[in-house]
Amino acid sequence: MSDEKFISIEGISRHFDAPGGGKTTVFEDVWFRIAKGEFVCMIGHSGCGKTTVLNILSGLDLPDEGAAIVDNKAIEGPSLDRAVIFQSHALLPWRTVLGNVAYAVSSKWRDWTKARIEEHAKGFIEKVGLKGSEGKRPAQLSGGMKQRVGIARALSIEPKILLMDEPFSALDALTRGTLQDEVRRICLDTGQTVFMITHDVDEAIYLADKIILMTNGPEAMVAEIVENPLPKERDRNQIHKHPSYYAIRNHLIDFLVTRSKTFKSEVPNDYDRRRPPVVRPQGQPQPVPPGEAGRKVA
Amino acid sequence: MRESNLGFRAGIVSIAILVIFGLAWHLAVSGTGPAQNIDPEYAKLLGQTAVQGKSAMPGPIDVLKTIWGHLKEPFYDRGPNDKGIGIQLAYSIGRVLIGYALAIVVALPLGFVIGMSPLMSRALDPFIQIMKPVSPLAWMPLALYTIKDSSISSIFVIFICSLWPMLINTAFGVASVRKEWINVARTLEVGNLRRAFTVILPAAAPTIVTGMRISIGIAWLVIVAAEMLVGGTGIGYFVWNEWNNLSITNVITSILVIGLVGMLLDQALARVGRAVSFPE
């Protein structure tokens, strides 16, 4: 059973000082679990504390109440077991591509020789399709290439958990699609456990096994956990033909458009914060409304 | 092509300005011709200024001759009041470099502490704010009284004037390292010392070197004044000594040489600045 609650978020809350004095509660008493090898996305509007949840998982931030438990150990600080892919890629501009990845590798395996570190780093640079750009500096790379380096750096330390904070939101649509495909392939191949924050409903449907829905902040809460009804093997160009595709998509958009605001005032009677309701939208094939496919909801 | 063309044209204008200035200088100080009707005995007493109408100010050719003389023999030493300009410069540069190096040793670690600790930053701020605007020469009597050595006192003055820009820039550079770079190091479990050297130092280096460049400029300004005060050796003393000798050609030569050395020091730090800068 320990695999089922590989990551367990148990009643975490986070308060910040409000500008006029007093405290603002970003989110309160949040509970959810992530199983080993699962790809979980969190969706919610700006200000619901998604990034704070991710920072708590990474150990960069600590909850005011509750605990985040990974592999039966409470998170007390950052760890090499959990790699973060930052939205702004956060590459060190004075290091080359190889230097950036090697910095992470040498932090994890401190007794490795330089040659071994570089060989390991080069393997991951190749994996994200940047072979030949090892000697370039971040300033010479496009946005998509920078984020590839960020991904290679995160994967190179072979983390137990990959944490991604809207990693593709700053990229153009074409690059975003390619990178989603690659991240999905790598995570499937290695059985990587992933927690990802996104604004993009289609990205969540394409990538996630489970989608956690957060209500609007302040005092945000987990409204429900949506299980993705699509099969694990997905083809980006075919998923919209799956009978359940529009069921889940409409469910997510409904939530973002209306229920994220209203959920708190009409909480179901049997709602239990410790076990947020799990839903699995299933549907009959529906006619495809023209121009609807691929629209981004932010 | 366009860039090099501009450089070429600017060079021509520079040379033209130099030539016009030199000619104007030469004409302004040259004589108006021999004065008439003067008793030769009286003329001997009056000297060239009165007899030839020549200005007491040396002309560019006199200065060039003096410079040539110094270039031929920059390092001669004929006693305490007659040393080559090269020796005097070496004394000054040596003092500046020692004082400056001491300032680096103090300012960089202290700047790191101030930059990393908001507490220390607040606590030391009033001291820095009061000490920074003090003219470095105001420290001279105190230094002479406590150190009792004029040469070391001038090194101390260089130290104290180089300290502030480096200290303030290091603290600012360290404090404004991007949070995301720090977070990268934190998620990689990089220890404090390694983080300081592999993330904070390279990220703050351009700001730190800017402070060092300001410092070397100030140090070179101050050494001349300090050596005029304490005397003995150095280019500042040389200028004052030549003023006492009424050797204006040597004073002008010194001005040129001081400017040249100051420029070289500044260019050296600019080069360091380029080496540590990174495009984002």
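Residues numbered from 1 in each chain as written. Chains lettered and ligands numbered in written order. Predicted model: local features only at pLDDT ≥ 70, side-chain atom pairs only at ≥ 80, totals over all residues. Heavy atoms only, no water.

I'd like a description of the packing of aromatic side chains, backed by residues and values.
Scanning the model with the defined rule gives ten aromatic pairs over all chains in all. Taking 5.6 Å as the distance between ring centres and 75 degrees as the angle between the ring planes, the aromatic pair formed by A:Phe263 and A:Tyr271 counts as edge-to-face. For A:Phe263, a relative accessible area of 5% puts it in the buried group. Ring centres of B:Trp139 and B:Phe156 lie 6.1 Å apart, and the angle between their planes is 75 degrees; this geometry places the pair in the edge-to-face category. You can see B:Trp139 sitting in the loop between helix 6 (118–131) and helix 7 (140–147) and its partner B:Phe156 sitting in helix 8 (residues 150–175), a full 17 residues away along the chain. Residue classification places B:Phe156 among the partly exposed residues on the basis of a relative accessible area of 24%. Here a set of aromatic residues connected by ring pairs shows up, and it is made of A:Trp94, B:Trp181 and B:Phe278. (Phe/Tyr/Trp six-rings, centres within 6.5 Å; stacked < 30°, edge-to-face > 60°. Buried < 20%, exposed > 50% of the residue type's maximum accessible area, 1.4 Å probe, protein only. Helix = DSSP H or I, 4+ residues; strand = E, 2+ residues; numbered from the N terminus.)

Summarise the confidence of the model for chain A; cite the residues concerned and give the values.
This prediction gives chain A a mean pLDDT of 87; 94% of its residues lie at or above 70. Per-element mean pLDDT across chain A ranges from 86 in strand 11 (residues 278–279) of chain A up to 95 in helix 2 (residues 97–108) of chain A. (pLDDT = per-residue confidence, 0-100.)

Please give an account of the interface of chain B and chain A that cites residues and values.
Tallying the contact residues gives 18 residues for chain B and 23 residues for chain A. For the pair chain B and chain A, the two sides together bury roughly 1900 Å², of which 64% comes from carbon and sulfur. One can count zero salt bridges joining chain B with chain A. Taken together, the connections running from chain B to chain A amount to eight residue pairs in polar contact (both at pLDDT 80 or more). Sorting the residues of the side of chain B that touches chain A by element identifies helix 9 (179–187) and helix 10 (192–230) of chain B as the ones contributing at least two each. (Contact = heavy atoms within 4.5 Å. Buried area = accessible area lost by both parts, 1.4 Å probe. Salt bridge = Lys/Arg side-chain N within 4 Å of Asp/Glu carboxyl O. Polar contact = N/O pair within 3.5 Å; in protein donor to acceptor, adjacent residues only side chain to side chain.)

Residues and numbers for the sheet that holds strand 10 (residues 222–227) of chain A, please.
Residues and elements named next belong to chain A. In space, the seven strands of this open sheet follow the order 6-7-8-3-9-10-11, with mixed pairing throughout. Edge positions in the open sheet fall to strand 6 (82–85) and strand 11, since each of these has one partner strand only. Of the pairings in the sheet, the one linking strand 6 to strand 7 (residues 161–165) comprises four bridges and is parallel in character. Paired with Val84 across the two strands is Leu163, which belongs to strand 7. Its contacts with the sheet put helix 7 (residues 245–262) on strand 3 (39–43), strand 9 (210–214), strand 10 and strand 11, and the angle it makes with strand 10 is roughly 170 degrees. (Pairing = 2+ DSSP bridges. Axes fitted to C-alpha atoms, helices over the stretch in contact; angles between N-to-C directions.)

Go over the side chain of A:Ser107 with me, naming the residues and quoting the values.
Relative to the assigned elements, A:Ser107 resides in helix 2. Within the structure, A:Ser107 has its side chain in polar contact with the backbone oxygen of A:Tyr103 (distance 2.7 Å). At 3.1 Å, the side chain of A:Ser107 and the side chain of B:Arg194 are in polar contact. Those residues in contact with A:Ser107 that lie beyond four places of it in its chain are A:Leu80, B:Leu188, B:Val190 and B:Arg194.

Can you lay out unusual backbone geometry for me, pointing to particular residues and giving the numbers?
Of note in the backbone geometry, A:His89 takes a positive phi value of approximately 60 degrees without being a glycine. The topology assignment puts A:His89 in the loop between strand 6 and helix 2.

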